[in-house]
Amino acid sequence: MSSSSHPSIDEEKKGTETAGAIHIVTSRAQHHIEKKEKDLDVAAGLATGIELTPAENKRIRNKIDRYLLPPMMILYLVQFMDKTTLGNSVLLGVKTANHLTTVQYNVLSSIFYVSYLLFEWPQAIALQRFPVGKWMSINIMVWAMFLMLHAACKNFAGLFIVRFGLGVCEGSITAGFLIVTSMFYTRVEQGQRVGMWFLMNGTAQCVSGLLSYGIHHIHSKHIQDWQILFLLTGALTFVLGIVWWFIFPDNSATAWFLSSEERGMAIERIRVNQAGTENKVWKRHQFVEALTDVKIWLFVLFSCLDNIPNSLTNQASTIYTELGFSTLTSTLLGIPSGVIEIVTIGSGIILLGKFPNSRAIIGACYFIPNVLGAILVIALPWSDKHGILASLYITGFGTTGFVISLAWLQATTAGHTKRTTAQAMNLVGYCIGNIIGPQVWQAKYAPRNFVPWAVVIVSYSLCPVILLLIRFILNRENKRREALAFAAKADGIDQEEEVVDVKHADGTTTVEKVDKAFLDLTDKENLDYRYCL
């Protein structure tokens, strides 16, 4: 960002200025607009403007990977393991000890997502207003305390309260991860990085299965197996929350593991995103734009439909025992599902690297095995328990599609308030799907569960259609913008920079050139923005 004492540049402009959002079509090389200093991206003053060499870009990216990805992957592993403790604890006696009926168990599965839903908006606002790493740390530690309190519960009411508490804290994790990923990585890199920390869900299934198997052999006279599971996982999470406070960065402009020069280089790396890094000011016009953006609502619908079958996570243990497997064997049967998730997400990451503009196509393909597996569960005779088990495992392939959608929404939305709002909206869809899902699994449908599996088939069949529809809409908009850019270039218009009257906190005003990427413009305001497909 460069300063100048020259007077404002006159320009002929057409457009509207509403609630701080400026929409301008100009016949001159640069726009001349007014912004308060706090309205600019936090990285606006740190961008060097110097193009990085491929070697420098790779060095900075690798350093960010070394310091950012390991803690994110570890936390996501622990977080998912914590979230699935309810399902694992069924095999360790939690339903019997707390006198739970099937309906009450399903309610406990849903209430987690009800509180997640209710507090997703407050969490989104908090993640924008407060330092991301510190806010996440607080939520992790509170989460851990609620998890350990499960061990003190004696009935449905107690479990209801602590499950509700878990949902409140959960809203900061995935949303916080997506925000940080967008701060440090280009849009091409984001899909692969989201996949890397999300595949730890599969690792968590393997770890929790082995952990449950080991706990089942303890046979303590003073504490029950399911209580050990909650206390152990909760204590581990609490320690991680303390460590998180000190090691996790809030943004690329203040990352402790980067030198001042490297911070500038890290910011230059993501200039290509045309979305900046972070802005602490909540902007009403961006919020409204998010609520009226068709593509965001399609992502929300996708998340809802894709997560209705996610209830299988907590229903799997019951299905294993209904198939005739012993309790001890059932503790290990979730491990293949975890391995499948690791392999499928890992392969998805590789495909995204090779075909970076094929997100929708790749995601859609991964839903084909899901539909096939669900059909086989219904079609195979109940006596073929190994065939049904294998079919159940096949339904885990589509997780890759959801991972791709998370990163894709992030990569196609600009403007910090709009981006955090879009994330919140998407996670609301995620919650609604997870609330609906458990209620489908009624005792009257057991053991074949034809109705629940029919719902699974419909949900998984619609998901790839939505992904391809989003691709069609974004591709059409890209072509429209390319036509506009071609016409502007023919007229000799340079749209890369804006000339901005920056009002500082001390009351002074300076005229500065600011790259559009750091003006905190939304993807609709910035016509230089191109949607990745």
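In case you missed it, the structure is sitting above this.
Residues numbered from 1 in each chain as written. Predicted model: local features only at pLDDT ≥ 70, side-chain atom pairs only at ≥ 80, totals over all residues. Heavy atoms only, no water.

Our next topic: the side chain of Glu170. By the secondary structure assignment, Glu170 is in helix H6 (residues 156-170). Sequence-distant contacts of Glu170, that is, excluding residues within four places in its chain, are made with Gln79, Lys83, Phe112, Tyr116 and Trp143. (Helix = DSSP H or I, 4+ residues; strand = E, 2+ residues; numbered from the N terminus. Contact = heavy atoms within 4.5 Å.)

As a further point, take the nonpolar core. Ranked by size, the top nonpolar core spans 117 residues in total, and within it Phe184 and Trp453 carry the most contacts. What Trp453 contacts, discounting residues up to four positions off in sequence, is Leu312, Ile319, Ala374, Val377, Ile378, Leu392, Thr395, Trp441 and Arg448. (Core = buried A, V, L, I, M, F, W, Y, C linked by side-chain atoms within 4.5 Å. Buried < 20%, exposed > 50% of the residue type's maximum accessible area, 1.4 Å probe, protein only.)

Let us look at the packing of helix H1 (residues 54-83) against helix H8 (residues 187-198). Contact pair H1 / H8: the axes reach a minimum separation of 8 Å and the direction vectors enclose 35°. Contacts between H1 and H8 involve Arg61, Asp65, Leu69, Met72, Met73 and Tyr76 on the former and, on the latter, Glu189, Arg193, Met196, Trp197 and Phe198. Here the residues of the contact of H1 with H8 are counted per class, giving seven nonpolar, no polar and four charged. (Axes fitted to C-alpha atoms, helices over the stretch in contact; angles between N-to-C directions. Nonpolar A, V, L, I, M, F, W, Y, C, P; charged D, E, K, R; others polar.)

Turning our eyes to something else, we now look at the state of the cysteines. According to the stated counting rule, one finds zero disulfides in the structure shown. Cys304 carries a free sulfur, and the closest cysteine sulfur to it, the one in Cys463, is 9.2 Å from it. Given a relative accessible area of 15%, Cys304 falls into the buried group. (Disulfide = S-S within 2.5 Å.)

A word on the packing of aromatic side chains. Under the criterion given, the structure shown has 30 aromatic pairs. Ring centres of Tyr113 and Tyr430 lie 5.6 Å apart, and the angle between their planes is 75°; on these two criteria the pair is classed as edge-to-face. Of this pair, Tyr113 sits in helix H4 (residues 102-129) while Tyr430 is found in helix H21 (residues 416-440), placing the two residues 317 residues apart along the sequence. Across this residue pair, the class does not change: Tyr113 and Tyr430 are buried. Taking the centre distance of 6.3 Å and the plane angle of 25° together, the rings of Phe184 and Phe257 count as stacked. Residue Phe184 is located in helix H7 (residues 173-184), and its partner Phe257 is located in the loop between helix H10 (225-247) and helix H11 (260-269); the two are separated by 73 residues in the primary sequence. As far as the burial class goes, Phe184 and Phe257 line up, both buried. By the ring-pair criterion, three or more aromatic residues cluster together here, those being Tyr76, Phe112, Tyr113, Tyr116, Trp143, Phe177, Trp197, Phe198, Trp244, Phe248, Phe402 and Tyr430. (Phe/Tyr/Trp six-rings, centres within 6.5 Å; stacked < 30°, edge-to-face > 60°.)

In this structure the tally under the stated criterion is 14 salt bridges. In this structure, Glu262 and Lys63 form a salt bridge, with 2.9 Å as the shortest nitrogen-oxygen distance. Taken together, the residues Glu262 in helix H11 and Lys63 in helix H1 connect sequence positions 199 residues apart. Classification of Glu262 by relative accessible area gives buried; the value is 9%. Note that Glu477 is salt-bridged to Arg480, the shortest N-O span being 2.8 Å. Here Glu477 and its partner Arg480 are both found in helix H22 (residues 450-490), three residues apart, which amounts to about one turn of the helix. You can call Arg480 partly exposed: its relative accessible area is 43%. If you follow the salt bridges from partner to partner, you end up with Glu289, Asp293, Lys295, Lys418 and Asp523 in one network. (Salt bridge = Lys/Arg side-chain N within 4 Å of Asp/Glu carboxyl O.)

Three or four residues apart is the spacing at which side chains of an α-helix point the same way, because the helix has 3.6 residues per turn. The element H11 is extensively covered by neighbouring structure, given that seven of its 10 residues are classed as buried. Those residues of H11 not exposed but buried are Glu262, Gly264, Met265, Ala266, Ile267, Glu268 and Arg269. Along its buried surface, H11 packs onto H1, H7 and H8.

Let us now look at empty space enclosed by the protein. Summed over all chains, the structure comprises six cavities of 30 Å³ or more. As a volume, the largest cavity reaches approximately 790 Å³. Per-element accounting of the lining of the largest cavity gives the leading share, five residues, to helix H14 (residues 312-322). When grouped by side-chain class, the residues that make up the lining of the largest cavity number 17 nonpolar, 22 polar and four charged. Its boundaries defined by the atoms lining it, the second largest cavity holds a volume of some 100 Å³. Tyr113, Asn310, Thr313, Asn314 and Asn434 are, among the 13 residues lining the second largest cavity, the residues nearest its centre. (1 Å grid on protein atoms, 1.4 Å probe; cavity = no way out; pocket = protein on both sides within 12 Å on 5 of 7 lines; lining within 4 Å. Points joined across faces, edges and corners; volume = space filled by probe spheres on them.)

Note that Thr331 resides in the loop between helix H15 (327-330) and helix H16 (335-354). When residues no more than four places from it in sequence are discounted, the contact partners of Thr331 are Leu91, Gly209, Ser212 and Tyr213.

By the burial criterion, the buried members of helix H12 (residues 284-291) are His285, Gln286, Glu289 and Ala290. The buried residues of H12 all sit within an arc of 140° when viewed along its axis, so they share a single face. (Arc of directions from axis to C-beta.)

In this section: the environment of Ile173. Counting through the fold element by element, Ile173 comes out in helix H7. Between the C-alpha atom of Ile173 and that of Met72, which follows or precedes it by 101 residues, the distance is 9.7 Å.

Attention now moves to unusual backbone geometry. The peptide bond linking Ala446 to Pro447 adopts the cis configuration, its omega dihedral lying at 0°. Checked against the element boundaries, Pro447 lands in the loop between H21 and H22. Of note in the backbone geometry, His99 takes a positive phi value of approximately 55° without being a glycine. Mapped onto the elements, His99 comes out in the loop between helix H3 (94-97) and H4. Positive phi is not limited to glycine here, since His219 has a value of about 55°. Tracing the backbone shows His219 in the loop between helix H9 (200-215) and H10. On the accessibility criterion, His219 (61% relative accessible area) is exposed.

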